[in-house]
Amino acid sequence: MSGSWEAQPSPPAPGASRGASPRGRGAGLGIALLSALAFGGSGVAAKPLISAGLEPLHVTWLRVAGAALVMLPLAWRHRDLPRRRPALLAGYGLFAVAGVQACYFAALSRIPVGVALLIEYLAPALVLGWVRFVQKRPVTRAAAVGVVLAVGGLACVVEVWSGLSFDALGIALALGAACCQVGYFVLSDHGTDGDDTVDPLGVIAHGLLTGAVVLTVIARPWGMDWSVLGGGAEMNGTRVPAVLLLAWIVLIATVAAYLTGVISIRRLSPQVAGVVACLEAVIATVLAWVLLGEHLSVPQILGGVVVLAGAFIAQSAKPKATETVRVAGAGAGPGTGVEDGAGAGVPGSGVSPASPTSASPTS
């Protein structure tokens, strides 16, 4: 998350003040927690709809198209963006919106919510690999340690010693969501380059519109079983109106989640907001446990703690004062998470999110 990336102390996001008062920082932390809660609740609302008969792609389309309609006034306000930054909007819509959501929801149909989201948290490690081995840039030791912890914890989450007891395709789809987040992280730097910066709210609105168009072609919603939305869905034995679950996914887990993510990054430093975003995985796992009855084993719980600890260490890594590394210097294009997102920061060389949104574009 659902995640803009620099290996140097990041400048304040537009409207942010690093010298903000304790009250302002407290409010920022509260808003960041609300964003993590909103994003973390998407999976537990989507899975019952999938179990009720909707295809994962159709749930994804409903989420993105519904959010795009709600954000339409913002898109109109920033109607010059497609002309100014077409590559940015295409990348954001394709990766941070369509790719992450589709892969994540497809994974939910096969593996538990918490496991899918924890696997998605490999995105920061994958971005570190991009920085270190593709761009040949140095990374900090703390970031490398964080990645090792995250990968080791992930091995416990998927219980590799039991021969991947979870569905292999479900795990592959969750990894696909992580890879889409990498694309978002790498491409999103384009939105903050030079003097022609763009409003993150405009990027979110147009990204959702772009994602909705892409998903309409892929999901073909005219073949969807619309009658499911008129009925109910089971949540651990409790019947819940399907339309209520959809409203939660669109209004809370997407629109509110993205907007609160933007507000929090403007009140906090990008690194702090990214660390708070790590709680999204914890929130999703707890909600899935309580609302869906998806109990994880002790090794999986411990592995999840290690994954989050690794993400926290990597996200908190301080940049080297003498290095200036642009992850996507001339590139185009989380969030989920944005998400996400695993919109957490990228480990290595002090990479931190100062992107169209620091929230995870994922879940």
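Here the structure is a predicted model, which is why all the values come from computation and not from measurement.

Enquirer: For helix α6 (residues 86-108), give the residues involved together with the corresponding values.
Expert: For α6, spanning 23 residues, the distance from its first C-alpha to its last is 31 Å, which sits close to the expected 33 Å at 1.5 Å a residue. For α6, the principal kink sits at Gly 99 and spans about 30°. For α6, the tally of buried residues reaches 18 of 23 residues, placing the bulk of the element in the interior.

Enquirer: Mind laying out the nonpolar core, listing which residues take part and the relevant values?
Expert: One finds Leu 54, Val 59, Tyr 104 and Leu 208 to be the most contacted residues of the largest nonpolar core, which totals 84 residues. The contacts of Leu 208, once residues within four sequence positions are left out, are Val 64, Ala 67, Ala 68, Met 71, Val 97 and Thr 254.

Enquirer: Please give an account of the pairing of strand β2 (residues 232-235) that cites residues and values.
Expert: Direction of pairing for β2 relative to strand β3 (residues 238-241): antiparallel, over a ladder of four bridges. By the bridge assignment for β3, Met 235 is matched with Thr 238.

Enquirer: Before we move on, can you summarise the environment of Pro 138 with the specific residues and values?
Expert: Residue position: Pro 138 is located in the loop between α8 (123-134) and α9 (141-157). Look at Pro 138 and you get partly exposed, because its relative accessible area is 29%. Spatially, the C-alpha atoms of Pro 138 and Leu 128 are 9.7 Å apart, while their sequence positions differ by ten residues.

Enquirer: For a nonpolar patch on the surface, give the residues involved together with the corresponding values.
Expert: Taken together, the side chains of Leu 33, Leu 279, Val 282, Val 286, Trp 289, Val 290, Leu 291, Ile 301 and Val 305 make up a nonpolar region of the molecular surface, amounting to roughly 710 Å² of accessible area. Secondary-structure elements contributing two or more residues to the nonpolar patch are α14 (279-292) and α15 (298-316). Ranked by residue count, the leading element in the nonpolar patch is α14, at six residues. Looking at Leu 291, the relative accessible area reads 34%, which means it is partly exposed.

Enquirer: I'd like to hear about the packing of aromatic side chains, residue by residue, with values.
Expert: In this structure the tally under the stated criterion is three aromatic pairs. Geometrically, the ring pair formed by Trp 61 and Trp 226 is edge-to-face, given 6.2 Å between the ring centres and 90° between the ring planes. Note that Trp 61 is positioned in helix α3 (residues 56-70) and Trp 226 in the loop between α11 (200-219) and β2, a separation of 165 residues in sequence. Given a relative accessible area of 44%, Trp 226 falls into the partly exposed group. Both rings, one in Tyr 104 and one in Phe 105, keep their centres 5.8 Å apart while their planes meet at 40°; by these two values the pair is tilted. For Arg 79, the ring lying beneath its charged end belongs to Trp 76, and the centroid distance is 4.4 Å.

Enquirer: Describe the pattern of salt bridges, with residues and values.
Expert: Inspection of every chain in the model, using the stated rule, returns three salt bridges. The salt bridge involving Glu 294 is made with Lys 47; its shortest N-O contact spans 2.7 Å. Here Lys 47 lies in helix α2 (residues 42-51) and Glu 294 lies in the loop between α14 and α15, a separation of 247 residues in the sequence. Between Asp 80 and Arg 84 there is a salt bridge whose closest N-O contact spans 3.2 Å. Assessed through its relative accessible area of 29%, Asp 80 is described here as partly exposed. Its relative accessible area of 27% is what places Arg 84 among the partly exposed residues.

Enquirer: An account of the environment of Pro 86 is requested, with residue identities and associated values reported.
Expert: Relative to the helices and strands, Pro 86 resides in helix α6. Spatially, the C-alpha atoms of Pro 86 and His 206 are 10.0 Å apart, while their sequence positions differ by 120 residues.

Enquirer: I'd like a description of the side chain of Gln 101, backed by residues and values.
Expert: Among the structural elements, Gln 101 can be located in helix α6. Since its relative accessible area comes to 2%, Gln 101 is described here as buried.

Enquirer: So what's going on with the confidence of the model for the protein? Which residues, and what values?
Expert: The predicted model of the protein averages 73 in pLDDT, with 69% of residues at 70 or higher. The lowest-confidence element of the protein is strand β1 (residues 5-6), averaging 30 in pLDDT; the highest-confidence one is α3, averaging 94. Confidence drops under a pLDDT of 50 for residues 1-19, and excluding neighbours within four residues, the segment shows 111 contacts in the predicted structure. Counted against residues more than four places away or in other chains, residues 319-359, with its pLDDT under 50, gives 249 contacts.

Rules behind the numbers
Residues numbered from 1 in each chain as written. Predicted model: local features only at pLDDT ≥ 70, side-chain atom pairs only at ≥ 80, totals over all residues. Heavy atoms only, no water. Helix = DSSP H or I, 4+ residues; strand = E, 2+ residues; numbered from the N terminus. Expected span 1.5 Å × (residues − 1). Bend = angle between axes of the 7 residues up to and from the residue. Buried < 20%, exposed > 50% of the residue type's maximum accessible area, 1.4 Å probe, protein only. Core = buried A, V, L, I, M, F, W, Y, C linked by side-chain atoms within 4.5 Å. Contact = heavy atoms within 4.5 Å. Pairing = 2+ DSSP bridges. Patch = residues over 30% accessible without salt bridge, like charges linked within 9 Å, V, L, I, M, F, W, Y side chains within 5 Å. Areas by Shrake-Rupley, 256 points an atom, 1.4 Å probe, with all protein chains shown as cover. Salt bridge = Lys/Arg side-chain N within 4 Å of Asp/Glu carboxyl O. Phe/Tyr/Trp six-rings, centres within 6.5 Å; stacked < 30°, edge-to-face > 60°. Lys NZ or Arg CZ within 6 Å of the ring centre and 35° of its normal. pLDDT = per-residue confidence, 0-100.

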